[in-house]
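Structure assessment
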Amino acid sequence: MSPPEASVSVVIPTHNRGDVLVRAIASIHAQTVAPAEIIVVDDGSTDGSVERIRAQFPRVRVLRQSNRGVSAARNAGIRASSGELVAFLDSDDEWLPRKLERQLGALAASPDAFLCHTNEIWIRNGRRVNPMKKHRKHGGDIFEKSLPLCIISPSSTLVSRRVIDTVGYFDESLPACEDYDLWLRVTARHPVLFVDENLIVKYGGHPDQLSRRYPAMDRFRIRAIEKLLAEHVLDERKRKAAETMLARKQFIYNQGALKRGRPLLPAS
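Residues numbered from 1 in each chain as written. Predicted model: local features only at pLDDT ≥ 70, side-chain atom pairs only at ≥ 80, totals over all residues. Heavy atoms only, no water.

Quick look at the overall build of the protein
Assigned secondary structure in the protein consists of ten helices and nine strands. Its C-alpha atoms give the protein a radius of gyration of 18 Å, within 12% of the compact-globule value 18 Å for 268 residues. Seen through its principal axes, the protein has C-alpha atoms that stretch 50 × 45 × 35 Å. Residue burial in the protein is summarised as follows: out of 268 residues, 52% are buried. With an accessible surface of roughly 12500 Å², the protein has 51% of that area assigned to carbon and sulfur atoms. (Helix = DSSP H or I, 4+ residues; strand = E, 2+ residues; numbered from the N terminus. Rg over C-alpha atoms; globule rule 2.2 N^0.38 Å. Buried < 20%, exposed > 50% of the residue type's maximum accessible area, 1.4 Å probe, protein only. Areas by Shrake-Rupley, 256 points an atom, 1.4 Å probe, with all protein chains shown as cover.)

Structural data, given as structure tokens:
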């Protein structure tokens, strides 16, 4: 499905991250296999990001929109792109030089695959940290492993446009966990490839991270599971696993809500 010469569009959503955005784009230019295009979607920045990128990287395509969130920005980039494959890169992350080369090779060797992701290096507040066991990456039929939390980093993915057109784009109604939601829809239908090499660097500890802005993130994962169950696309094993996880997350969320005086979620 994806020979090494398949065209790749890179989509970078950004909001007021001009300094790190330069690093992200430079890491794409350092790839051993160049993508067909780089699209930066500026989600209402006010820090001069657009002007800086246009000056330093004149061949990068820049789209501007009012501040509508990361899902809307990624979706705008997907719609504007022309590649057979779409790669995402968050503006605060970077790729290591062989990222696209290794993924294109893996996809070429597995013609039935639609999504490939990789392992990663984590940097928090300037220091390298080790991911916990629950963040361990996997390949194959990973739907059940994907239910507790998101184990596919957007910056590591290379995905067929055809599968996005089939399962749908990022859900713009979700302010967070939009990646969890999309990867559940993909893994419900398809196995995925995993290149077990550290091919991206993820930087954390920023004050504007969504996990700091939106407490009790499981409320968004609950919505994602409920939506998927309503689609009736899961086989019996996956449906039971999804229902079990949904009940567990609703219980945990409601225990926290009782302690904090928040409204309870109704049982599904």
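A word on the packing of aromatic side chains
Scanning the model with the defined rule gives two aromatic pairs in all. Where phenylalanine 88 meets phenylalanine 170, the ring centres are 5.4 Å apart and the plane angle is 80°; that geometry is what we call edge-to-face. Placement of the pair is phenylalanine 88 in strand β4 (residues 85-88) and phenylalanine 170 in the loop between α6 (161-167) and α7 (178-187), with a sequence separation of 82 residues. Relative accessible area serves as the criterion here: at 0%, phenylalanine 88 is assigned to the buried category. For the pair phenylalanine 170 and tryptophan 183, a centre-to-centre distance of 6.1 Å together with 75° between the ring planes defines the contact as edge-to-face. (Phe/Tyr/Trp six-rings, centres within 6.5 Å; stacked < 30°, edge-to-face > 60°.)

Overview of the state of the cysteines
Applying the stated criterion across every chain, the model contains zero disulfides. For the unlinked cysteine cysteine 177, the closest cysteine sulfur is that of cysteine 150, found at 8.0 Å. Judged by relative accessible area, which is 6%, cysteine 177 ranks as buried. (Disulfide = S-S within 2.5 Å.)

Observations regarding the pairing of strand β2 (residues 37-43)
With seven of seven residues buried, β2 is to be regarded as a mostly interior element. Sheet topology note: the strand β1 (residues 8-14)/β2 ladder contains six bridges and is parallel. Counted as the bridge partner of isoleucine 12 is valine 40 from β2. The β-α-β motif built from β1, the intervening helix α1 (residues 18-29) and the parallel element β2 has right-handed crossover chirality. In this structure, β2 lies alongside strand β3 (residues 61-65), joined through five bridges in parallel fashion. Among the inter-strand pairings, valine 40 is bridged to a residue of β3, identified as valine 62. With helix α2 (residues 49-56) bridging β2 and its parallel neighbour β3, the resulting β-α-β unit is right-handed. (Pairing = 2+ DSSP bridges. Right-handed = clockwise from strand over helix to strand, strands pointing away.)

Remarks on the side chain of serine 91
Residue placement: serine 91 occurs in the loop between β4 and β5 (94-95). One polar contact links serine 91 to threonine 14, side chain to side chain, over a distance of 3.4 Å. With residues up to four places along the chain from it excluded, the contact list for serine 91 reads Ile12, Pro13, Thr14, Arg17, Val20, Leu21 and Ala24. (Polar contact = N/O pair within 3.5 Å; in protein donor to acceptor, adjacent residues only side chain to side chain. Contact = heavy atoms within 4.5 Å.)

Some points on the packing of α1 against α2
For the pair α1 and α2, interaxial distance at closest approach is 9 Å and the crossing angle is 30°. By crossing handedness, the relation of α1 to α2 is classed as right-handed. Facing α1, whose interface residues are Gly18, Asp19, Leu21, Val22 and Ile25, α2 presents Ser49, Arg52, Ile53 and Gln56. A class-by-class count of the residues in the contact of α1 with α2 yields four nonpolar, three polar and two charged. (Axes fitted to C-alpha atoms, helices over the stretch in contact; angles between N-to-C directions. Left-handed = near helix turned anticlockwise from the far one by under 90°. Nonpolar A, V, L, I, M, F, W, Y, C, P; charged D, E, K, R; others polar.)

Some remarks on the environment of glycine 18
Relative to the assigned elements, glycine 18 resides in helix α1. Sequence-wise, glycine 18 and aspartate 92 are 74 residues apart; in three dimensions their C-alpha atoms are separated by 9.4 Å. With residues near it in sequence (within four places) discarded, glycine 18 still touches Asp47, Ser49 and Arg52.

Notes on the pattern of salt bridges
In a structure, side chains of opposite charge can pair up when their charged atoms sit close to one another. All chains considered together, the criterion is met by 21 salt bridges. Residue arginine 239 pairs with glutamate 243 through a salt bridge whose shortest N-O separation is 3.1 Å. Taken as a pair, arginine 239 and glutamate 243 lie in helix α10 (residues 236-260) at a separation of four residues, close to a single helical turn. Of the residues examined, arginine 239 reaches a relative accessible area of 31% and is grouped as partly exposed. Residues joined in a network through salt bridges with shared partners are Asp141, Glu144, Arg237 and Lys238. (Salt bridge = Lys/Arg side-chain N within 4 Å of Asp/Glu carboxyl O.)

So, the environment of leucine 182
Counting through the fold element by element, leucine 182 comes out in helix α7. Note: C-alpha distance between leucine 182 and aspartate 171 (eleven residues apart in sequence) is 7.6 Å. Not counting the four nearest positions on each side in its chain, leucine 182 is found in contact with Val167, Gly168, Tyr169 and Phe170.

Quick look at helix α9 (residues 218-231)
Between the first and last C-alpha of α9 there are 20 Å, a value that for 14 residues agrees with the 20 Å anticipated at 1.5 Å per step. At the exit of α9 stands histidine 232, carrying a positive phi of roughly 60°. (Expected span 1.5 Å × (residues − 1).)

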